[in-house]
Every structure is written in structure tokens, then in C-alpha cells.
Amino acid sequence: MPIRFSTAGESHGPALVSLLEGVPAGLRVLAEDVNADLARRQQGYGRGRRMQIERDEVEFLSGVRAGETVGSPVAMLIRNRDWTNWQAIMDPAPRATDADGARQRAVHRPRPGHADLTGILKYDRDDARDILERASARETTARVAAGAICRRLLAECGVTVASHLVHLGGIDAARPGEMPADINAAADASPLRTLDADAERRMIALIDDIKRDGNTLGGVCEVIVDGLPVGLGSHVSWDRKLDGRLAQAMLSIPAVKGVEIGLGFEASRRTGADVHDEIELAPGRTRTGNVRRRTNRAGGLEGGMTTGEPLVIRVAMKPISTLMRPLGTIDTRTGEEAEAVAERSDVTAVPAMGVIAEAMAALVLADAMVEKFGGDSMGELRRNLDSYLAHVAERLG
Ligand code: EPS
């Protein structure tokens, strides 16, 4: 795992931190590149008031100099604007008395579906705020920052990562007959990041209805990665298989419950003849090794390795667990039945999840790229990639 990353930060703390290690030196990267993805993650019809408070912007603390990575860990800071409203509650200093601000926002009516209850039992805390602040999907801001750097690395290697929303709360979006050349430009122009305008209208009406009802909605986004060379990942060991690495990355996104690659679950219902992609020669298609799959039901992966065909991953998110019409729970102070806490929330965050899934895909794929082609510097990575592609092209040329 040459590229490693970790995040820190609480939802209403002072800031989020993202630490990305293993990026080769010489990658051109600007704060604007990161900020563009941070802004995309903040969009989406159905988000709540918090997104009107925040305007996520990155500050590089290390690893980038004069617009280029220098090979050292890239540390990034994204401040929480809402912190000013939460200072007394989130203050790291010991409290003078329990009567001060902190206790006023103590959470003792855990939300079904959130980390609240299991977290306080496991970590032996009285106040579920100690759990929910970190379990909050706010953390994904730091993932998107790291993912944006990896997206730049992939772009230098001719790889693009895009996504669009394909399902929301029971409504399917149809795929266009031909996908737009720039999928993200088309998806970002839609308030739900979907490519089906008719479905979008019905989804927006549904979100409005569900909001009035104090309820929440889940959905599915599809990530499409184009330009990958054949042979990233490996068949030899379970933890090197790229499909497994991508699934783990996607399932780590808050509220994500399912991942499909290519046909996914549908493949189990069909016969082999209707699942596997026939192979034909395709001279000049160097990234796939001068061959083409007549279909791409495998979604760009065979045997845990990229085929060079587009990588297609669908990621399913459950409805958000903070409902304004609270579900039944218990009060952990009294042991009595109660209604779950109902803090401000979003009706749905599926459009944002697509952007987060892009970031997670970029992190895994940049890691696989550096693993295969080495990477103290971008020049070295490019030379090794080009030499490999030239060699592969000769095999069936
Ligand atoms: C979240 C609850 C809401 C969301 C938040 C995730 O925040 P708050 O508790 O401040 O109203 O807006 O998402 C973000 C802040 C974000 O940046 O995506 C939760 O409980 O997971």
C-alpha cells in the first residue's frame, strides 16, 4: 500500500485534517483543484442547513511547495465554520461544572441506525455526542480532499473518475443512450447529479414530500473510471484483489450498505453465456492490450485486475438515520422508552455520496497505480507506465 491516508476531526470541532502519504514528487496540484471537489461534495438537493453554513476550503500544511508535491506527506486542513457556534460544547478543556454549555447538548436518546448507542456502550461514554461527532458524514470532507490529489495523479496518467446518481428512494434514473463525454460536467449541472431529467423532476418532488413527512431517503450512485491500464491489482492474494479493495473503500463511506461491480448481483441470475464478456482483437487499443471486450458486464475487472475497459461500480446508501419525525428508542439516562434525538439533518445526501465514492475510487486506484509503476517522482511513474503500455501493445499487436 504505497499510498496511505487517514483523517481526523469532529463534525463541530475546529477543523478536519487529512493526511495523505506516498504521493510521488512533482505532481502539480493547486488548492483550487481540491476546493473544486470539496464544493461538489457540498451540493445536492435535499441537504440541510449545515451546508449553508460551511464553505469548505483546503489549507495545505505540508507536502506541497510552489504548486507541486515534494514527496513528503501531504497534510491538509479544512476548517468547520460551524465551530464558532459549538465552541463551548466541543471545548477540549476540562469543564468547570456540568451546568455549563456542554451538557445542554448532551445526547442520550440514541438514533436507530446511527453509531450513537453501540458507540457509547463500546467506548463507555455517557454522552452520545462523543460518538456522533466523529461518526458524522462531515468526515468525508477530508476524504474528498485526499481523493482530489489522487484524482490529479490519475489525470496525469490519462485516467478520469466520474459518477452520477442512478436511483433515489425507489425511483430509477435511465442511463442516456450514449454517455456524455464529460460525465461529471453533465451530472454536476443537475441538482441531484443525475443524467435523467424526467426522473430528476420526480425525485425532487419525492424529496419535498419526504421532507414534509420528517423522513429521509437513500439511493445509488454509479462511479465510472475511464483510461485505466490493463493489469492494476492482482489475482495472487485476497488483499491484493482490486475488486476487494474497492469494495472495502466504498463500504467504509457512512451509510453505504452495498457495492456492485459491473453486473453485480444480476450476474448471479444469468447463465455464463450472458455474463462473460467475449474478447476480440482491437489493434491500437493499447490500454487494454490491443483487445476489446464486446460487452463490459464485468465492469472493468477480471481476476481482481483491471481489464482496461471502463471500471463501473454502483454504491448504495441507506436513508440518513436522523429523522425529524423521530423513531422509537430508549433514554440511556433513565432507561425509559423515548423518541430519538432529532438534530438538524439532511433529507438525503446521495448526490454527495457519489462525489465521495469518486474520491474513494481515486484513492484506491492511485495506490494501485503507484504500486505497479513505482513512484518517487511523477516522471518515473509516467516513464514506467509508458514503457509497460508499449510492451503490452507489442504482445498482441
Ligand atoms: C450529519 C449531520 C448534519 C449533516 C452532516 C452529517 O450535520 P449537522 O449535525 O451539523 O446538522 O449536514 O454533513 C456535513 C456536515 C457534511 O459536511 O457533509 C451526520 O450526522 O452524519
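Keep in mind that what you see is a predicted model, and the values were worked out from it rather than measured.

1. Quick word on the pattern of salt bridges
Using the criterion set out here, one finds 40 salt bridges in the structure. Residue Arg245 pairs with Glu371 through a salt bridge whose shortest N-O separation is 3.4 Å. Within this pair, whereas Arg245 is found in helix H10 (residues 242-251), its partner Glu371 is found in helix H11 (residues 350-373), the two being separated by 126 residues in sequence. With relative accessibility at 32%, the residue Glu371 sits in the partly exposed group. Here Glu309 makes a salt bridge to Arg285, at a shortest N to O gap of 3.0 Å. Taken as a pair, Glu309 in the loop between strand S14 (305-306) and strand S15 (311-317) and Arg285 in the loop between strand S11 (279-281) and strand S12 (291-293) lie far apart in primary sequence, 24 residues in all.

2. Describing the packing of H11 against helix H12 (residues 378-395)
Interhelical geometry of H11 versus H12 gives an angle of 75° and a closest axis separation of 9 Å. Here H11 lies roughly perpendicular to H12, going by the angle between them. Mapping the contact onto sequence places Met369, Val370, Lys372 and Phe373 in H11 and Glu380, Leu381, Asn384, Leu385 and Tyr388 in H12. The residue makeup of the contact of H11 with H12, split by class, is 6 nonpolar, 1 polar and 2 charged.

3. Some remarks on the site of the ligand
The environment of the ligand is made up of His12, Arg41, Arg47, Arg50, Met51, His114, Ser136, Ala137, Arg138, Thr141, Arg344 and Asp346. A distance of 2.8 Å separates an oxygen atom of the ligand from a polar atom in the side chain of Arg138. Within the side chain of Arg344, one N or O atom sits 2.7 Å away from an oxygen atom of the ligand. Its free accessible area being 470 Å², the ligand has 91% of it covered by the protein chains. For the shell around the ligand, a count of residues per class yields 2 nonpolar, 4 polar and 6 charged.

4. Structural notes on the sheet that holds strand S10 (residues 256-261)
Pairing in this open sheet of 5 strands is antiparallel, and the strands run S8-S7-S9-S15-S10 from one edge to the other. In the strand order of this sheet, the two ends are held by strand S8 (171-172) and S10, each with one partner. Pairing analysis gives 8 bridges linking strand S7 (residues 160-168) to strand S9 (residues 219-226), with the strands arranged antiparallel. Within S9, the residue paired with Ser163 across the bridge is Val223.

5. A word on the pairing of strand S6 (residues 74-79)
For S6, a buried count of 5 out of 6 residues is recorded, marking the element as mostly surrounded by other parts of the structure. Relative to S6, strand S2 (residues 15-21) runs antiparallel, the two sharing 6 bridges. Counted as the bridge partner of Leu16 is Ile78 from S6. Relative to S6, strand S3 (residues 58-62) runs antiparallel, the two sharing 4 bridges. Note that in S6 the partner of Val58 across the bridge is Ile78.

Conventions used here
Residues numbered from 1 in each chain as written. Predicted model: local features only at pLDDT ≥ 70, side-chain atom pairs only at ≥ 80, totals over all residues. Heavy atoms only, no water. Salt bridge = Lys/Arg side-chain N within 4 Å of Asp/Glu carboxyl O. Helix = DSSP H or I, 4+ residues; strand = E, 2+ residues; numbered from the N terminus. Buried < 20%, exposed > 50% of the residue type's maximum accessible area, 1.4 Å probe, protein only. Axes fitted to C-alpha atoms, helices over the stretch in contact; angles between N-to-C directions. Parallel < 35°, antiparallel > 145°, perpendicular 65-115°, else oblique. Contact = heavy atoms within 4.5 Å. Nonpolar A, V, L, I, M, F, W, Y, C, P; charged D, E, K, R; others polar. Near = heavy atom within 4 Å. Polar contact = N/O pair within 3.5 Å; in protein donor to acceptor, adjacent residues only side chain to side chain. Areas by Shrake-Rupley, 256 points an atom, 1.4 Å probe, with all protein chains shown as cover. Pairing = 2+ DSSP bridges.

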